[in-house]
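This is what each chain is made of:
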Amino acid sequence: MLLAKKKKHATSSALFDHLFLFSCIVFFCFSALHPTGQMTDLLYTEKDLVTSLKDYIRAEENKLERVKRWADKMDSLTATATQDPEGFLGHPVNAFKLMKRLNTEWGDLESLVLSDTTDGFISNLTIQRQHFPTEEDQTGAAKALLRLQDTYRLDANTISTGDLPGVTHKSHMTVEDCFELGKIAYSDVDYYHTELWMAQALKQLDEGEESPLDKVLVLDYLSYAIYQQGEIERALEYTRKLLSLDPEHQRAKGNLKYFEFQLEKQRKVEEEKAQKQKERGKRETTETKKEKKKSKAQTAFQLIPERKKYEMLCRGEGIKMTPRRQSRLFCRYYDNNRNPKYLLAPVKQQDEWDRPYIVRYLDIISDKEIERVKQLAKPRLRRATVHDPQTGKLTTAQYRVSKSAWLTGYDDPMIDMINQRIEDLTGLEMDTAEELQVANYGVGGQYEPHFDFGRMSDVAAGGATVFPDVGAAVWPKKGTAVFWYNLFASGEGDYSTRHAACPVLVGNKWVSNKWIHERGQEWRRPCGLSESE
């Protein structure tokens, strides 16, 4: 897809840029630190490790039966994954489990193998380990799952069972997987998600799932997370369950007394408060009632916070397009004022939104071009950065989670062809534009509301570009382009174009952006006479 708009100029507050964004392909939106291409490589790395492991097993099969069982499990998994690696990685649970396996479980296996004579397998594992994800990567993949859970309002059981919309490779989370998510949330002092995932781990244990983890450990985390959220009565209930399984658990015995004391203290405070209210009586005046009613009405009309609007639009809720406005949106064949390139074969153009005016061009980039752009970008991908207004330097940020690369005509003549196509479609000068940027989003990858630029792509679920201020959502579609101006013709910023990239729930997301500076467009888009013109 192609998407265009403007951003503030880097050297002057009075100058802005047009941004033209086109989606290279519908690919996988994976982890914050490992984009799709690198994650695919990790799958093949794991497959290679399994092969090496099986060679080792053949040499010492009688002594290493436990290792053989592990290898068989990995062989089955990687065989399935490598048949359709990008589709397999389109499921965020598969991504998390891959990170967890490579970061934790393969390390445990290494310790087991080192206890005996080792040859080829350990050598291969040692060589491959330099490419393994880090603890930070595993934590990032876990937090991405939590972000998806919040944005799309998914319960823990839905994620654990892999029952997500549009999935091809359904993947089930084990008790250990759920426990790991809960532990990561706990380490981040996120007791809300700690409770959700420890409760899910407990549920799966109660249903009879085999696991090396026991209920006592899960209940220990669960009761404390609930207590930290102020629900002492429920925390006490789970502590009693823990003690019924392990009566000698010292921390639980101490917590039981403490929770009972706090609960009794809480009840006394509530009783004293009720008694004071009874003594004062209900002397609320009519004026006080009116004030409360007025206050309630004002609260009801308060603006929805931007973050909430952003998440609602990502879920397809709160879109403000009325039937009457919808009736004024059309589709057409477009030749950009009889541009010679499009006289005989005009492009298909359709209106996406009226204010700000957003259009989509269909079938604007071919599959062959998409593959080539992706191939060029993969080795150049680096973590995307933002401008820090305080330091003036480029830095990474949690609100922008993706990797990006920059391409020019020197890399491949096809890039010049794409740039020329952008010029033919928009009628804007490319000589003063920036290089073509290609971005790959990770699991839960996103770009929260901002003015600088946006992105689009075709995915199984999620991944829309939304405009919180106007209640607009533009959904990704492979091979199409979406275009809008971030500036009025006067050069003033159009603040209604503040937008955000929703995290991809299922599928792959590759995008490419083209910044077209206002400088150089003086004769192609003359300045307007009024600020909003």
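The name given to the protein chain in an unreviewed UniProt entry is procollagen-proline 4-dioxygenase, with Sphaeramia orbicularis as the source organism. Word for word, the UniProt comment on the protein chain under Subcellular location (unreviewed entry) is "Endoplasmic reticulum lumen".

## What to know about the overall build of the protein chain
Helix and strand counts for the protein chain stand at 17 helices and 18 strands. Summing over all exposed atoms, the protein chain offers an accessible surface of approximately 26600 Å²; the carbon and sulfur share of this is 50%.

## With respect to a negative patch on the surface
Among the surface-exposed residues, Glu 264, Glu 270, Glu 271 and Glu 272 lie close enough to one another that they form a single negatively charged patch. Structurally, Glu 272 can be placed in helix H12 (residues 250-280).

## Here's the deal with helix H16 (residues 367-377)
Where H16 is concerned, the buried positions are Glu 369, Ile 370, Val 373, Lys 374, Leu 376 and Ala 377. Along the axis of H16, the buried positions cluster into a sector of 160 degrees, meaning they face one direction only.

## Here we look at the layout of surface pockets
Here the second largest pocket is characterised by a volume of approximately 570 Å³. In terms of lining, the second largest pocket is formed by 18 residues, of which the most central are Trp 70, Lys 73, Met 74, Glu 105 and Glu 176. Those elements that provide at least two residues to the lining of the second largest pocket are helix H2 (65-83), helix H4 (92-114) and helix H8 (175-187). Element by element, the count of residues in the lining of the second largest pocket is highest for H4, at eight residues. Considering only residue class, the lining of the second largest pocket consists of six nonpolar, two polar and ten charged.

## Structural notes on the state of the cysteines
Summed over the entire model, instances satisfying the criterion amount to one disulfide. Paired by a disulfide, Cys 314 and Cys 502 hold their sulfur atoms 1.9 Å apart. Measuring the twist about the S-S bond at about -90 degrees, one finds the Cys 314-Cys 502 disulfide to be left-handed. Of this pair, Cys 314 sits in helix H14 (residues 306-314) while Cys 502 sits in the loop between strand S16 (499-501) and strand S17 (504-506), and the two are 188 residues apart along the sequence.

## Focus: the pattern of salt bridges
Under the definition given, this model contains 31 salt bridges. Of the charged contacts in the structure, one is a salt bridge between Arg 101 and Glu 46, with a shortest N-O distance of 2.8 Å. Placement of the pair is Arg 101 in helix H4 and Glu 46 in helix H1 (residues 36-59), with a sequence separation of 55 residues. For the pair Arg 101 and Glu 46, a shared accessibility class is recorded, and that class is buried. Among the ionic pairs, Lys 374 bridges to Glu 86, the shortest N-O distance being 3.2 Å. Here Glu 86 lies in helix H3 (residues 85-89) and Lys 374 lies in helix H16, a separation of 288 residues in the sequence. Each member of the pair, Lys 374 as well as Glu 86, carries the same accessibility label: buried.

## Brief notes about the UniProt feature "repeat: TPR" (unreviewed entry) in the protein chain
According to UniProt, the "repeat: TPR" (unreviewed entry) feature falls on residues 216-249. Taken end to end, residues 216-249 is 79% helix and 0% strand, and its two terminal C-alpha atoms sit 9 Å from one another.

## Here's the deal with the nonpolar core
Taken as a class, soluble globular proteins show a tendency for nonpolar side chains to be buried jointly. The biggest cluster of nonpolar side chains holds 50 residues, and the ones touching the most others in it are Met 173, Leu 181, Trp 197 and Val 466. Shared between two domains, this core holds at least three residues of each, these being domain 1 (22-38 + 319-517) and domain 2 (135-270). Every residue in contact with Val 466, bar those within four places of it in the chain, is listed here: Tyr 310, Leu 313, Cys 314, Ala 472, Ala 473, Arg 498, His 499, Ala 500 and Cys 502. Residues Tyr 361, Val 373, Ala 377 and Met 430 belong to the second largest nonpolar core, which totals 28 residues.

## Focus on the packing of helix H9 (residues 191-206) against helix H10 (residues 215-228)
The contact between H9 and H10 brings their axes to 9 Å, and the two run at 150 degrees. Taken together, the axes of H9 and H10 lie roughly antiparallel to each other. Crossing geometry of H9 relative to H10 is assigned as left-handed. Every residue of H10 that contacts H9 at Tyr 191, Thr 194, Glu 195, Met 198, Ala 199, Ala 201, Leu 202, Leu 205 and Asp 206 is listed here: Lys 215, Val 218, Leu 219, Tyr 221, Leu 222, Tyr 224, Ala 225, Ile 226 and Gln 228. In terms of residue class, the contact of H9 with H10 is made up of 13 nonpolar, two polar and three charged.

## Re H9
End to end, H9 covers 22 Å across 16 residues, agreeing with the expected 22 Å (1.5 Å per residue, within 8%). Downstream of H9 by a residue or two, Gly 208 has a phi angle that is positive, lying close to 100 degrees.

## As for the pairing of strand S18 (residues 508-517)
Within S18, ten of the ten residues are buried, leaving the element largely enclosed by the surrounding structure. When strand S10 (residues 436-441) meets S18, the two strands line up antiparallel, connected through five bridges. Across the sheet, Val 438 pairs through a bridge with Ser 512, a residue of S18.

## Considering the confidence of the model for the protein chain
The predicted coordinates of low-pLDDT regions are not to be read in fine detail. For the protein chain, the average pLDDT comes to 78, and 78% of its residues sit at 70 or higher. Under a pLDDT of 50 for its full length, residues 1-35 has, in the predicted model, 220 contacts with residues more than four places off or in other chains. Within the model, the stretch residues 289-302 combines pLDDT values under 50 with two contacts to residues more than four positions away or in other chains.

## Digging into the side chain of Glu 86
For Glu 86, a relative accessible area of 18% translates into the label buried. Here the side chain of Glu 86 touches Lys 374 through a polar contact of 3.2 Å, side chain to side chain.

## So, the packing of H16 against helix H17 (residues 413-426)
Contact geometry of H16 with H17 gives a least axis separation of 11 Å together with a crossing angle of 120 degrees. When the axis of H16 is compared with that of H17, the two are oblique. In this structure, H16 meets H17 at a crossing whose hand is left-handed. Across from Glu 369, Arg 372, Val 373 and Leu 376 in H16, the residues of H17 making contact are Met 414, Ile 415, Ile 418 and Arg 421. Across the contact of H16 with H17, the residue classes break down as five nonpolar, no polar and three charged.

## Considering unusual backbone geometry
Note the cis peptide between Arg 355 and Pro 356, where omega equals 0 degrees. Locating Pro 356 in the fold gives a position in the loop between strand S4 (347-353) and strand S5 (358-362). Of note, Arg 153 is a non-glycine position whose phi angle comes to about 50 degrees, a positive value. Topologically, Arg 153 is positioned in the loop between helix H6 (135-151) and helix H7 (156-160). Among the residues examined, Arg 153 registers a relative accessible area of 58% and is labelled exposed. One non-glycine residue with positive phi stands out, namely Asp 363, at about 50 degrees. The topology assignment puts Asp 363 in the loop between S5 and H16.

How each quantity is defined
Residues numbered from 1 in each chain as written. Predicted model: local features only at pLDDT ≥ 70, side-chain atom pairs only at ≥ 80, totals over all residues. Heavy atoms only, no water. UniProt positions renumbered as here; feature names shortened; annotations may be inferred. Helix = DSSP H or I, 4+ residues; strand = E, 2+ residues; numbered from the N terminus. Areas by Shrake-Rupley, 256 points an atom, 1.4 Å probe, with all protein chains shown as cover. Patch = residues over 30% accessible without salt bridge, like charges linked within 9 Å, V, L, I, M, F, W, Y side chains within 5 Å. Salt bridge = Lys/Arg side-chain N within 4 Å of Asp/Glu carboxyl O. Lys, Arg positive; Asp, Glu negative; His and termini not counted. Charge placed at Lys NZ, Arg CZ, Asp CG, Glu CD. Buried < 20%, exposed > 50% of the residue type's maximum accessible area, 1.4 Å probe, protein only. Arc of directions from axis to C-beta. 1 Å grid on protein atoms, 1.4 Å probe; cavity = no way out; pocket = protein on both sides within 12 Å on 5 of 7 lines; lining within 4 Å. Points joined across faces, edges and corners; volume = space filled by probe spheres on them. Nonpolar A, V, L, I, M, F, W, Y, C, P; charged D, E, K, R; others polar. Disulfide = S-S within 2.5 Å. Core = buried A, V, L, I, M, F, W, Y, C linked by side-chain atoms within 4.5 Å. Domains from an automatic or database assignment. Contact = heavy atoms within 4.5 Å. Axes fitted to C-alpha atoms, helices over the stretch in contact; angles between N-to-C directions. Parallel < 35°, antiparallel > 145°, perpendicular 65-115°, else oblique. Left-handed = near helix turned anticlockwise from the far one by under 90°. Expected span 1.5 Å × (residues − 1). Pairing = 2+ DSSP bridges. pLDDT = per-residue confidence, 0-100. Polar contact = N/O pair within 3.5 Å; in protein donor to acceptor, adjacent residues only side chain to side chain.

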